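Understanding the architecture of this molecule
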Amino acid sequence: MHSNIVNDNGFLKPALNINNDNVDKYETASKVEATANKLVEKFQSPGNFSFYCKVAYKLSEARIWFNYEQALKGNQPVRLFTYLCNKDMRNA
């Protein structure tokens, strides 16, 4: 079937496979923010939210909560948590 439309070249077909990379990015971002918010709440330190986001993005959940448990054993849990996470991020 031939069309009289000049721009009808047959190359334009509907995309069947659409790769939406934003879905994974949004999912990751929401997980990072959720973990950071949990840490802010547990440590009562909203000023560290951006650092906690970095931690949540770079370290596994298991490592984060291991460091959290270890930090609670110290005299200054927030500082110890920061130290442990920085150490882990350098070694990752």
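Above this text sits the structure in question.
Predicted, not measured: the structure shown is a model, and the values here were computed from it.

For the protein, the helix and strand inventory stands at four helices and zero strands. Ordering the α and β elements of the protein from the N terminus gives α-α-α-α. Put simply, the protein has 92 residues, and 24% of those count as buried. Accessible surface, the protein: about 7400 Å² in total, of which carbon and sulfur atoms supply 52%.

The next thing to look at is the nonpolar core. Membership of the largest hydrophobic core comes to 17 residues, with the highest contact counts inside it found for Leu 39, Phe 43, Tyr 52, Val 55, Ile 64 and Phe 81. For this core, the secondary-structure elements that each account for two or more residues are helix H1 (21-43), helix H2 (49-58), helix H3 (61-72) and helix H4 (77-91).

Before going further, it helps to examine unusual backbone geometry. What you tend to see is this: most non-glycine residues have negative phi, and most peptide bonds are trans. At Gln 44, a position not held by glycine, the phi torsion is positive, near 55 degrees. The topology assignment puts Gln 44 in the loop between H1 and H2.

What follows deals with the pattern of salt bridges. Across all of its chains, the model carries one salt bridge by this definition. Notably, a salt bridge pairs Arg 63 with Asp 88, separated by 2.8 Å at the nearest N-O pair. Within this pair, whereas Arg 63 is found in helix H3, its partner Asp 88 is found in helix H4, the two being separated by 25 residues in sequence. Look at Arg 63 and you get partly exposed, because its relative accessible area is 34%.

Attention now goes to the packing of H3 against H4. Packed helices, taken two at a time, are described by the angle between their axes plus the distance between the axes. For the pair H3 and H4, interaxial distance at closest approach is 8 Å and the crossing angle is 145 degrees. As for the relative orientation of H3 and H4, their crossing is right-handed in sense. Between H3 and H4, the residues in contact are Arg 63, Ile 64, Asn 67, Tyr 68, Gln 70, Ala 71 and Leu 72 and Pro 77, Leu 80, Phe 81, Leu 84, Cys 85 and Asp 88, respectively. When its residues are assigned to classes, the contact of H3 with H4 shows nine nonpolar, two polar and two charged.

In this section: the environment of Gln 70. Locating Gln 70 in the fold gives a position in helix H3. Once the C-alpha coordinates of Gln 70 and Leu 80 are considered, the two residues, 10 residues apart in sequence, prove to be 8.1 Å apart. When neighbours within four sequence positions are excluded, Gln 70 is seen to be in contact with Leu 80 and Leu 84.

A few words now on the packing of H2 against H4. Contact geometry of H2 with H4 gives a least axis separation of 11 Å together with a crossing angle of 40 degrees. Between H2 and H4, the interaxial angle falls into the category oblique. The element H2 and its partner H4 pack so that their crossing is left-handed. Each of Phe 51, Tyr 52, Lys 54, Val 55 and Lys 58 in H2 lies in contact with H4, whose residues at this interface are Val 78, Phe 81, Thr 82, Cys 85, Asn 86 and Met 89. When its residues are assigned to classes, the contact of H2 with H4 shows seven nonpolar, two polar and two charged.

Cut-off values and rules
- Residues numbered from 1 in each chain as written.
- Predicted model: local features only at pLDDT ≥ 70, side-chain atom pairs only at ≥ 80, totals over all residues.
- Heavy atoms only, no water.
- Helix = DSSP H or I, 4+ residues; strand = E, 2+ residues; numbered from the N terminus.
- Buried < 20%, exposed > 50% of the residue type's maximum accessible area, 1.4 Å probe, protein only.
- Areas by Shrake-Rupley, 256 points an atom, 1.4 Å probe, with all protein chains shown as cover.
- Core = buried A, V, L, I, M, F, W, Y, C linked by side-chain atoms within 4.5 Å.
- Salt bridge = Lys/Arg side-chain N within 4 Å of Asp/Glu carboxyl O.
- Axes fitted to C-alpha atoms, helices over the stretch in contact; angles between N-to-C directions.
- Left-handed = near helix turned anticlockwise from the far one by under 90°.
- Contact = heavy atoms within 4.5 Å.
- Nonpolar A, V, L, I, M, F, W, Y, C, P; charged D, E, K, R; others polar.
- Parallel < 35°, antiparallel > 145°, perpendicular 65-115°, else oblique.

By themselves, these are just geometric observations and shouldn't be taken as functional.
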